[in-house]
Amino acid sequence: MKNISIIGSTGSIGTQALDIVRANGDIRVSAISCGKNIDLVEKQAREFKPELVSVSSEDDARDLRVRLADTSVRVASGMEGLIEVATYPKAEMVLTAIVGMIGVEPTLAAIDAGKDIALANKETLVTAGHLVMKAAADKGVRILPVDSEHSAIFQSLQGNSRNKIARILLTASGGPFRGKTREELKCVTVEQALKHPNWSMGAKITIDSASMVNKGLEVIEAHWLFNTDIKDIEVLIQPQSIIHSAVEYEDGAVIAQMGTPDMKLPIQYAFYYPERRYLAGERLDFKKIRSIVIESPDFDTFRGVPLAIKASEIGGSMPTVMNEANEIANAAFLAGRISFLEIYDMIEYAMSQHTVIQDAGLIDILETRDWTDRLLKDKYGV
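Residues numbered from 1 in each chain as written. Predicted model: local features only at pLDDT ≥ 70, side-chain atom pairs only at ≥ 80, totals over all residues. Heavy atoms only, no water.

## Description of helix H4 (residues 78–86)
Residues spaced three or four apart along an α-helix face the same direction, because each turn holds 3.6 residues. Residues of H4 that are buried include every one of Gly81, Leu82, Val85 and Ala86, and no others. Down the axis of H4, the buried side of the element spans an arc of 140°, and every buried residue falls inside it. On the buried face of H4, the contacting elements are strand S1 (2–7), strand S2 (27–33), strand S3 (52–55), strand S4 (74–77), strand S5 (93–96) and helix H5 (104–112). (Buried < 20%, exposed > 50% of the residue type's maximum accessible area, 1.4 Å probe, protein only. Helix = DSSP H or I, 4+ residues; strand = E, 2+ residues; numbered from the N terminus. Arc of directions from axis to C-beta. Contact = heavy atoms within 4.5 Å.)

Right under this line is the structure:
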């Protein structure tokens, strides 16, 4: 019986992870956390009987304690609660399925406590990759990718020596606005941006997919996960979401992981690696596939990837600025306060104003996040 903690149990990844726990029966959920969805987390606590549940606010924690008074579940709150979930003694693995930079501190704490990490929080590596990968190496813990693209790369690397990689081919669906011009994007609505053609995800990630900032973050994530130079990571548009990503080796061979768009596969693979298990769901039917479409991305219109690459090449604290500016812009767009194209403007402005801190430690990263917040509030009033 494997014991796990889940940070972000009520989100898209967290709920699918619990589906996998339910289907297999040999994983024990020791601790879970969520943001504000206490109705759902109460149901999860009653079904999976974790010993610890953490929520964002102490007000919600008090409410949940009353609701769960007939159980033995302990309820915590805030960053302290998140870190307690991440370091819960009985858990061998932590699934980090929370969205945003808030995942950095609990992930580092989990690594320090010797937990393997099933990583679905890309912002952690974007902003603190140098700290996370070093800490994992020092502690001898595994970072197992859960993002579909990074899981695909990880699977394509199995049985092959890492030093024979020529390129990583990172695929993207293109999102709901694939093929649109800058002029056409000026007046797109939140509702249009949330209509992803292939994947069902949370609002933040769906908007990031529409802007292709998500793919930029994934380039940085791949750079850290696979110790690969940014220039050796190529983004390709694969609108059918059949090829989830691929690795090209120095002899010219390309090994790809393919399948239907189903996040349960990479979650389950991380949970049971290196074992593969039966997973219910739709199978890829090659007899019905007439062609596999590959396109070049339009980085002049969708500037998320080049902005991320620029931030990564500058290094130090700049990826934190890029990431945090995007988090603020993404939320402002979802709230109807800025236009879609202003997402790029806000990121670019923040990066242009920042004095880079090289060799940024955790405190530097958190202070840079707060500096970016203040800068954009002053400039844009968001």
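## Digging into the sheet that holds S2
The strand order S4-S3-S2-S1-S5-S6-S7 describes an open sheet built from seven strands, whose pairing is parallel. For this open sheet the edge positions go to S4 and strand S7 (143–145), each flanked by a neighbour on one side alone. Sheet twist, expressed as the average angle between the axes of neighbouring strands with direction ignored, equals 25°. (Pairing = 2+ DSSP bridges. Axes fitted to C-alpha atoms, helices over the stretch in contact; angles between N-to-C directions.)

## Focus: the packing of helix H7 (residues 148–157) against helix H12 (residues 264–272)
It is at 9 Å that the axes of H7 and H12 come closest, and there the two elements cross at 50°. When the interaxial angle is binned, H7 and H12 end up oblique. The two elements H7 and H12 cross, and the hand of that crossing is left-handed. Together, Ser148, Ser151, Phe154 and Gln155 of H7 and Leu265, Pro266 and Tyr269 of H12 make up the contact between the two elements. Tallied by class, residues from the contact of H7 with H12 come to four nonpolar, three polar and no charged. (Parallel < 35°, antiparallel > 145°, perpendicular 65-115°, else oblique. Left-handed = near helix turned anticlockwise from the far one by under 90°. Nonpolar A, V, L, I, M, F, W, Y, C, P; charged D, E, K, R; others polar.)

## Let's talk about the layout of surface pockets
In this structure, the second largest pocket spans a volume of roughly 410 Å³. What lines the second largest pocket is a set of 24 residues, and nearest its centre among them are Gln257, Leu265, Arg276, Leu279 and Arg283. Those elements that place two or more of their residues in the lining of the second largest pocket are H7, strand S11 (254–258) and H12. It is H12 that provides the largest number of residues to the lining of the second largest pocket, a total of four residues. Its residues assigned to classes, the lining of the second largest pocket shows nine nonpolar, nine polar and six charged. (1 Å grid on protein atoms, 1.4 Å probe; cavity = no way out; pocket = protein on both sides within 12 Å on 5 of 7 lines; lining within 4 Å. Points joined across faces, edges and corners; volume = space filled by probe spheres on them.)

## With respect to a nonpolar patch on the surface
On the surface, a cluster of nonpolar side chains totalling about 350 Å² of accessible area is made up of Met258, Phe286, Ile292 and Ile294. Relative to the elements of secondary structure, Ile292 occurs in the loop between H12 and helix H13 (304–314). Residue classification places Ile292 among the partly exposed residues on the basis of a relative accessible area of 36%. (Patch = residues over 30% accessible without salt bridge, like charges linked within 9 Å, V, L, I, M, F, W, Y side chains within 5 Å. Areas by Shrake-Rupley, 256 points an atom, 1.4 Å probe, with all protein chains shown as cover. Salt bridge = Lys/Arg side-chain N within 4 Å of Asp/Glu carboxyl O.)

## Some words on unusual backbone geometry
In this model, Tyr273 is joined to Pro274 through a cis peptide bond whose omega is 5°. Position of Pro274 relative to the elements: it lies in the loop between H12 and H13. Positive phi values are uncommon outside glycine, yet Ser241 reaches one of about 55°.

## Quick look at empty space enclosed by the protein
Following the criterion strictly, the structure yields one cavity of 30 Å³ or more and no others. Looking at the largest cavity, its volume works out to about 30 Å³. What lines the largest cavity is simply Ile98, Val99, Ala120, Asn121, Lys122, Glu123 and Ile205. Counted by class, the lining of the largest cavity contains four nonpolar, one polar and two charged residues.

## As for the sheet that holds strand S9 (residues 233–237)
Read from one edge to the other, the open sheet built from four strands follows the order S9-S8-S10-S11, with strand pairing classed as mixed. With one partner strand each, in any of the chains shown, S9 and S11 form the two edges of the open sheet. Looking at each pair of strands side by side, their axes are set apart by 20° on average, direction ignored. Two strands pair when backbone bridges link them, and strand S10 (residues 243–249) and S11 are joined in this way by five bridges, in the antiparallel orientation. Across the sheet, residue Ile243 finds its bridge partner in S11, namely Met258.

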